[in-house]
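# Inside the fold
So you can see what is in the structure, the chains are spelled out below.
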Amino acid sequence: MTRTRAAREQTEGGVRAKVKGRAPQPGWAGERFGAWLARPLASFHLIVTIATLLTVLGLVMVLSASSVEAYAGGGSAYSLFIQQAMFAALGAVAFYIALRLPLRLLRRWSFPVFSLSVLALVLVLIPGIGAVHGGARRWFDLGPVSIQPSEVVKVTLVVWGAHLLASRRGGQLKELLVPLVPAGLLVCLLVVLEPNLSTTIALGIVLMALLWFGGLPVRLFVAILVSGLVAASVLALSAGYRSDRVRAFFNPGDDPQGVNYQARQAKYSLADGGILGRGLGQSRAKWSYLPNSHNDFIFAIIGEELGFLGCMVVLALFALFVYTGIRIALRSVDPFLRLLTATATAWITTQALINIGYVVGLLPVTGLQLPLVSAGGSSLAITLFMFGIIASAARHEPEAVSALQAGQDGRVSRLLRLPIPEVYTPARADASRRATPKAKAERPRPAARRDGPAPRRRRTPPSRGTGSLRSTRAWEPTYPMPHAKERGRST
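Residues numbered from 1 in each chain as written. Predicted model: local features only at pLDDT ≥ 70, side-chain atom pairs only at ≥ 80, totals over all residues. Heavy atoms only, no water.

Within an unreviewed UniProt entry, the label attached to the protein chain reads Probable peptidoglycan glycosyltransferase FtsW, and the organism entered is Nocardia rhizosphaerae. Under the Sequence similarities (unreviewed entry) heading, UniProt states for the protein chain: "Belongs to the SEDS family. FtsW subfamily." The heading Pathway (unreviewed entry) in the UniProt record of the protein chain holds the text "Cell wall biogenesis; peptidoglycan biosynthesis." (UniProt positions renumbered as here; feature names shortened; annotations may be inferred.)

See below:
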C-alpha cells in the first residue's frame, strides 16, 4: 500500500511539473551527466577540469617521488617540488594567455614563432650556449631554471602545421606536403643531434597526425609511416644506450642488475601497490631503488602508492581527454581548429600511452614523459599552454559562441573575464573563387579604343599551384580582417 501511494505521488509530481512548464529532472546519474554534456560550454569545462586534476596529481606525486632523493642529495626535500610548482604557475599563466589569444593572432604569428623555435634548436647545439646534462645538449640554463626548446617546438609545429594545412585544403598533393614535411624532418634531425630520441618520436607523432587529419591519401600516409618506423628503428639501434633498451625489452630476463634493472623495478613497484596501494607517500621504490621515479617512471610510483585504482583514475582522465578532444574537433566549423584540436589530442594521448606502455612492460623504454604528471618544468608549462589552446577551441564551438554572445557565460568565464569568441566566417579568398557566373557577367567592361578594336590576346590558363601558393602563404592568415581595408585580389 505504501509503495503504491509513493508511486502515485511521484507520478503526480511529474504531471504537476509538466503542467507548470518544467520538465521533470533526470532521475539517475547517467541522465544527469548526459544533460550536463548537452550544455554549450561542457567541452570547455571538461578541458579545464582535466588539466587541473592532472596537474594537481602530478604535483602531489612529484613531491612524493622526489623528496627522498632530493634530501639524500644534500638539499631540501621540497626542491624539485618547488621547481615543478613554479612551472605549474607559469603554465597556468600560459593557459590563461592561450584562452585570451585571438585566433587571427595565433595564425598570423604561427610561422614566425615556429621559425624562432627552430633557431633555438640550432643554438642549443652550439657549445657554450646549450647546456649539457646527462650526456645530452638539450637545455638553455637561465639561472636556476632550465628551458628545453624541443618541448616548445612541439606546440609551434602543431599550430603552424594546422594553419598551413587549413589554408591549403583542397589543393594539390604537393601543397599538402611542402613545406610541412621538409620542416618536420629538419626539426626531427636537429632533435636527434642533441640526442633526444623520445622527443623525436613525439615530433614524428605530431607530423603524422597533421598529415592524417589533413587528408593525406592512405597509401602515401602508410608509406611515410613505414619509412618513419624504419628510421626510428635504425636510430634506436644506432647508439649504445638505445640498443641496450631494445635488447632489454626483447630479453627481459637477461642482466637484471644492468640494462633490465629499471624496467624490472618498475614492475615490482606496480605489483607492490596491489588494488588499493600502500598509501600516499609510502612507496619503497623511491628510496633509490627505481631511477627517475619522479620523471619517466612516475606512473610506477602512482601504482605503488595509489594502487590499481589510482592507475585507473589516470587512464580514465586521459580517456576523458580523448573524448573531449574528439568532441571539440567534430563540433568545430573552423578547419584550423579541427586540425589543431585533433592533432594536439593525438599527440598528448599517444605520448601518455607510450609512457604507460613502457612502465608496464609493453613497450621499450623511450624516455617520453607522462604529460602534466611527470617532473619536467618545460614540458609542464608547454603542455598547459596547449591545453589552453584546446580550451579556446572549445569556446569557439558554434553552440558555445551563441551562448556566450547571448550572455550565458558561466562563472568561470566571468571570473577570468574571457573575451567573447567571434563567429567563424570563411576566408574572402574562398568566397572570391566561388563567384557566380551572374556576378562575373555584371562586371563593367573596359571602354573600346577610338582607333579601332583592341587586338585579341591569347588567354593563358592560370596555374593552380602557383595561385594557391600565392594566396595561402604559410605566414599569411586566411581569416577576414575587419580592420583592414577592402582591396581586390588578383589570384
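This is not the end of the story, as more comes after the structure.
## Focus: the packing of helix 4 (residues 79-100) against helix 16 (residues 377-395)
Look at helix 4 against helix 16: their axes get within 7 Å of each other, and the N-to-C directions meet at 25°. Between helix 4 and helix 16, the crossing angle belongs to the class labelled roughly parallel. Note on packing geometry: the crossing formed by helix 4 with helix 16 is right-handed. Contacts from Gln84, Phe87, Ala88, Gly91, Ala92, Ala94, Phe95, Ala98 and Leu99 of helix 4 reach helix 16 at Gly377, Ser378, Leu380, Ala381, Leu384, Phe385, Phe387, Gly388, Ile389, Ala391, Ser392 and Arg395. In terms of residue class, the contact of helix 4 with helix 16 is built from 14 nonpolar, 6 polar and 1 charged. (Axes fitted to C-alpha atoms, helices over the stretch in contact; angles between N-to-C directions. Helix = DSSP H or I, 4+ residues; strand = E, 2+ residues; numbered from the N terminus. Parallel < 35°, antiparallel > 145°, perpendicular 65-115°, else oblique. Left-handed = near helix turned anticlockwise from the far one by under 90°. Contact = heavy atoms within 4.5 Å. Nonpolar A, V, L, I, M, F, W, Y, C, P; charged D, E, K, R; others polar.)

## Brief notes about the sheet that holds strand 1 (residues 131-133)
With antiparallel pairing, the 3 strands of this open sheet are ordered in space as 1-2-3. Of all strands in the sheet, those bounded by a partner on one side alone are strand 1 and strand 3 (145-147). Geometrically, the sheet is characterised by an average inter-axis angle of 55° between neighbouring strands, direction not taken into account. In this sheet, strand 2 (residues 136-142) lies alongside strand 1 in antiparallel orientation, the contact comprising 3 bridges. In the strand pairing of strand 2, histidine 133 is matched with alanine 136. (Pairing = 2+ DSSP bridges.)

## Quick word on the nonpolar core
Membership of the largest hydrophobic core comes to 94 residues, with the highest contact counts inside it found for Leu180, Leu340, Leu370, Met386 and Phe387. If one sorts the elements of this core by residue count, helix 15 (residues 335-359) sits on top with 12 residues. Apart from residues lying up to four places away in sequence, leucine 180 is in contact with Leu157, Trp160, Gly161, Leu164, Leu165, Leu207, Leu210 and Leu211. (Core = buried A, V, L, I, M, F, W, Y, C linked by side-chain atoms within 4.5 Å. Buried < 20%, exposed > 50% of the residue type's maximum accessible area, 1.4 Å probe, protein only.)

## Points about unusual backbone geometry
Geometrically, the link from valine 178 to proline 179 is a cis peptide bond, its omega value of 5° lying close to zero. Residue position: proline 179 is located in the loop between helix 8 (173-177) and helix 9 (180-192). In the segment running from glutamate 194 into proline 195, the intervening peptide bond is cis, with an omega of -5°. Along the chain, proline 195 turns up in the loop between helix 9 and helix 10 (197-213). Here serine 288, not a glycine, exhibits a phi torsion of approximately 65°, which is positive. Topologically, serine 288 is positioned in the loop between helix 13 (261-273) and helix 14 (298-331). The exposed category is assigned to serine 288, whose relative accessible area is 53%.

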